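Single-letter residue listing:
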Amino acid sequence: VQLQAFGGGLVQAGGSLRLSCAASGRTFSRYYMGWFRQAPGKEREFVAVISRSGGSSNYADSVKGRFTISRDNGQNTVYLQMNSLKPEDTAVYYCAADMTPRTPTLMGEYDYWGQGTQVTVSS
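Let us look at the structure shown here. (Residues numbered from 1 in each chain as written. Predicted model: local features only at pLDDT ≥ 70, side-chain atom pairs only at ≥ 80, totals over all residues. Heavy atoms only, no water.)

Reading across the sheet, the 4 strands line up as β1-β3-β8-β7 and stay open at both edges, with antiparallel pairing between neighbours. Among the strands making up the open sheet, the edge pair consists of β1 (3-6) and β7 (67-72). With strand direction ignored, the average angle separating the axes of adjacent strands in the sheet is 15 degrees. Both β1 and strand β3 (residues 17-23) contribute to a ladder of 4 bridges, which runs antiparallel. Pairing of F6 across the sheet is with S20, part of β3. (Pairing = 2+ DSSP bridges. Helix = DSSP H or I, 4+ residues; strand = E, 2+ residues; numbered from the N terminus. Axes fitted to C-alpha atoms, helices over the stretch in contact; angles between N-to-C directions.)

Written out as structure tokens, the structure is:
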């Protein structure tokens with residue numbers, strides 16, 4: 001599966017952005033979809049993951065209550081709605097896919113990655 005993330009940009013603290021990740025192919029619904037981010041000088045970190053059907057999701061503590069992951073299997077797209085953004089949310093955001101991630105919070109569990117989209121939150 002090929003992934004393309006978009007929707008990043010520059011936003012003031014307290015603002016919102018919605019990221020999208022479009023997937024190619026007809027097997028999108030077979031994949032768990034995750035979002036990760038990497039800030040300058042830091043390691044890539046888990047943000048959120050959603051199950052194949054969209055019925056369950058999990059979030060990093062740092063974004064819980066502010067970010068929402070969702071998916072539309074008919075459109076082969078996963079979304080990350082980001083509200084109440086903070087300067088520390090500034091990073092390149094990546095979407096990732098895997099059929100059976102044993103530990104979905106670990107980036108090593110994902111076989112497919114998008115190219116990343118930059119999110120910059122100004123104070």
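On to the nonpolar core. Counting residues in each nonpolar core, the largest one holds 35 residues, and the members touching the most others are M33, W35, L80, M82 and Y93. The set of elements that each furnish at least two residues to this core consists of β1, β3, β4 (32-38), β5 (45-50), β7, β8 (77-82), β9 (91-98) and β11 (117-122). Setting aside anything within four residues of it in sequence, one finds Y93 in contact with A5, L19, W35, F36, R37, V47, F67, L80, M82, G116, T117 and V119. (Core = buried A, V, L, I, M, F, W, Y, C linked by side-chain atoms within 4.5 Å. Buried < 20%, exposed > 50% of the residue type's maximum accessible area, 1.4 Å probe, protein only. Contact = heavy atoms within 4.5 Å.)

In this section: the state of the cysteines. Tallying each qualifying case throughout the model produces 1 disulfide. Note on cysteine connectivity: C21 is disulfide-linked to C95, with sulfurs 2.1 Å apart. Disulfide C21 to C95: torsion about the S-S bond roughly 60 degrees, handedness right-handed. In this pair, C21 is assigned in strand β3 and C95 in strand β9, connecting sequence segments 74 residues apart. Exposure class is identical for C21 and C95. Each is buried. (Disulfide = S-S within 2.5 Å.)

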